[in-house]
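# Observations on the three-dimensional arrangement
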Amino acid sequence: MPATPDYMHYPIDGVPQTGERLPIADGIDWIRMPLPFLLGHINLWLLRDGDNTTIVDTGLNSKETQDIWLTLLGEKSVNRVVVTHMHPDHVGSAGWLCREFDAPLLMSRAEYLMCRVLVADTGREAPAAGVAFYRAAGFNQESLDNYVSRFGGFGKAVSAMPDAYQRLMDEQTLSIGEGQWQVITTSGHCPEHASLYDAKRKLLIAGDQLLPTISSNVSVWPTEPDADPLGAWLSSCHHLKDVLDDDVLVLPSHGKPFTGAQGRLDALIEEHETGLAKLVELCREPKRAVDVFSALFKSRISDGNLIMATGESVAHLNYLLHRGAISRHRDDAGVDWYETI
């Protein structure tokens, strides 16, 4: 782990063990669910809601996760299941929880609908547009074959979604117990991420929008190959700087709760700006998306993280492309080459 920067502070000692609740504020419990990949965990939040509970984020769709939920909740009723965004570690057990406890699902519209679309891809063959996208990024045949074999796996990690939901909208206020939580929607990591901000108590349930030690993945995907999610992400970071006090307690989905939101947002913005500057220099000679990993990532890129690394590289290249800093040329083999103007 890198050294904690001066602007950040972790005010809560320890972390909850699997199956335990750790109270962190009046009426708010922190719990953790295991994840079978590098991050290892996701933080979830239980909010006292009268005599019952509101859940924020749900963990993966797995028997292990659902057994932990049953142990944690016991005889408690669940008033609402709130999901910050549609990635499987956040939404995976949402449908199951809603059915098990006869509770409504609350999500932003774009996240709910996108989740339904991706779940519907389960069992489909990889589309030609997806193969063309990763060929353009510079994948060799082995990597293309790996993409094809893994396509459609999203739905396996997500329980059947409810056919109806309650929409979360930007600046909406949710009354949960004694708390008044303002919905803040942001974009870049996903289409319409919903964080919850209790300004009076200076608490932010941040989902993946603001993490203490890593930057959220910001990727372009084959469904929208010319998208500019990094532009949206940077705008979202600047928006949060305008909204949040520096002493807000940030409750992230990964890592530990922390204070120092302003400094962390500055660091995230600077990290991406540094990567963009490196790309401009690197692309003075034509490069493919798979050739620029060294400008953006410190860790080794392997089959396990190639898709995400490629999506993030294309996001940075698209950002520069949209702003006229680089050009793009597709060769006769269908591969895109980027060059600084």
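Structure's up top.
Keep in mind that what you see is a predicted model, and the values were worked out from it rather than measured. (Residues numbered from 1 in each chain as written. Predicted model: local features only at pLDDT ≥ 70, side-chain atom pairs only at ≥ 80, totals over all residues. Heavy atoms only, no water.)

## Focus on helix α6 (residues 141-150)
Where we set the bar: Exposed residues in this analysis have more than 50% of their type's maximum accessible area, buried residues have under 20%, and partly exposed residues fall in between, with area computed by a 1.4 Å probe over protein chains only. Runs of E in the DSSP output that reach at least two residues are strands. Runs of H or I that reach at least four are helices, and both are numbered from the N terminus. By construction, the arc corresponds to the directions joining the helix axis to the C-beta atoms. Should any heavy atoms of two residues lie within 4.5 Å, those residues are counted as being in contact. Whenever a nitrogen or oxygen atom comes within 3.5 Å of another N or O atom, the pair is scored as a polar contact, on the condition that within protein one atom can donate a hydrogen and the other can accept it, and that pairs from neighbouring residues in sequence are kept only if both atoms are in side chains.
Among the residues of α6, Ser143, Leu144 and Tyr147 are the ones counted as buried. Axial view of α6: buried residues confined to an arc of 100 degrees, hence all on one face. Away from the buried face of α6 by more than 90 degrees, exposed residues Gln141, Glu142 and Ser149 are located. Close packing links the buried residues of α6 with α5 (128-137) and α10 (306-322). A side-chain oxygen of the first residue of α6 lies 3.2 Å from the backbone nitrogen of glutamate 142; this N-cap is asparagine 140. Positive backbone phi, approximately 85 degrees, marks glycine 152, located one or two places after α6.

## Quick notes on helix α4 (residues 109-120)
Inclusion rule: Under the convention used throughout, the expected extent of a helix is 1.5 Å for every residue step, that is, one less than its residue count.
Over its twelve residues, α4 extends 17 Å from the first C-alpha to the last, a length consistent with the 16 Å expected when each residue adds 1.5 Å. All of the buried residues in α4 are Glu111, Tyr112 and Cys115. Taken down its axis, α4 places every buried residue within 100 degrees of arc, on the same side.

## Some points on the packing of aromatic side chains
We count it as follows: Aromatic pairs are defined between Phe, Tyr and Trp rings, using the six-membered ring for Trp, whenever the two ring centres lie within 6.5 Å; interplanar angles under 30 degrees are classed as stacked, those over 60 as edge-to-face, and all others as tilted.
All chains considered together, the criterion is met by seven aromatic pairs. Between phenylalanine 133 and tyrosine 134, the ring centres sit 4.9 Å apart and the planes meet at 85 degrees, which makes this aromatic pair edge-to-face. Measuring from ring centre to ring centre gives 4.8 Å for tyrosine 134 and tyrosine 147, while their planes differ by 50 degrees; the resulting arrangement is tilted. In this pair, tyrosine 134 is assigned in helix α5 and tyrosine 147 in helix α6, connecting sequence segments 13 residues apart. An identical accessibility class is assigned to tyrosine 134 and tyrosine 147; each is buried. Members of the aromatic cluster, each reached through a chain of ring pairs, are Phe133, Tyr134, Phe139, Tyr147 and Phe151.

## Quick notes on the sheet that holds strand β1 (residues 22-25)
Here is the rule we go by: By this definition, two strands are paired if DSSP reports at least two bridges between them. Orientation is described by axes fitted as lines to C-alpha atoms, over the contacting stretch for helices, and by angles from 0 to 180 degrees between their N-to-C directions.
Spatial ordering of the open sheet is given by β1-β2-β3-β4-β5-β6-β7, a layout of seven strands whose pairing is mixed. At either end of the open sheet lies a strand with only one pairing partner, and these are β1 and β7 (166-168). The sheet shows a mean angle of 30 degrees between the axes of neighbouring strands, taken without regard to direction. Of the strand pairs in this sheet, strand β3 (residues 41-49) and strand β4 (residues 52-56) are connected by five bridges, and their pairing is antiparallel. Across the sheet, residue aspartate 49 finds its bridge partner in β4, namely asparagine 52. Across the face of the sheet, helix α1 (residues 63-73) comes into contact with β2 (28-34), β3, β4 and β5 (78-82) while running at roughly 155 degrees to β2.

## Notes on the pairing of strand β12 (residues 249-252)
Convention followed: When the strands point away from the viewer, a crossover counts as right-handed if the path from the first strand over the helix to the second runs clockwise.
Side-chain alternation along β12 places Leu249 and Leu251 on one buried face and Val250 and Pro252 on a second face that is also buried. Of the pairings in the sheet, the one linking strand β11 (residues 203-207) to β12 comprises four bridges and is parallel in character. Bridge pairing in β12 links isoleucine 205 to leucine 251. With helix α7 (residues 229-243) bridging β11 and its parallel neighbour β12, the resulting β-α-β unit is right-handed.

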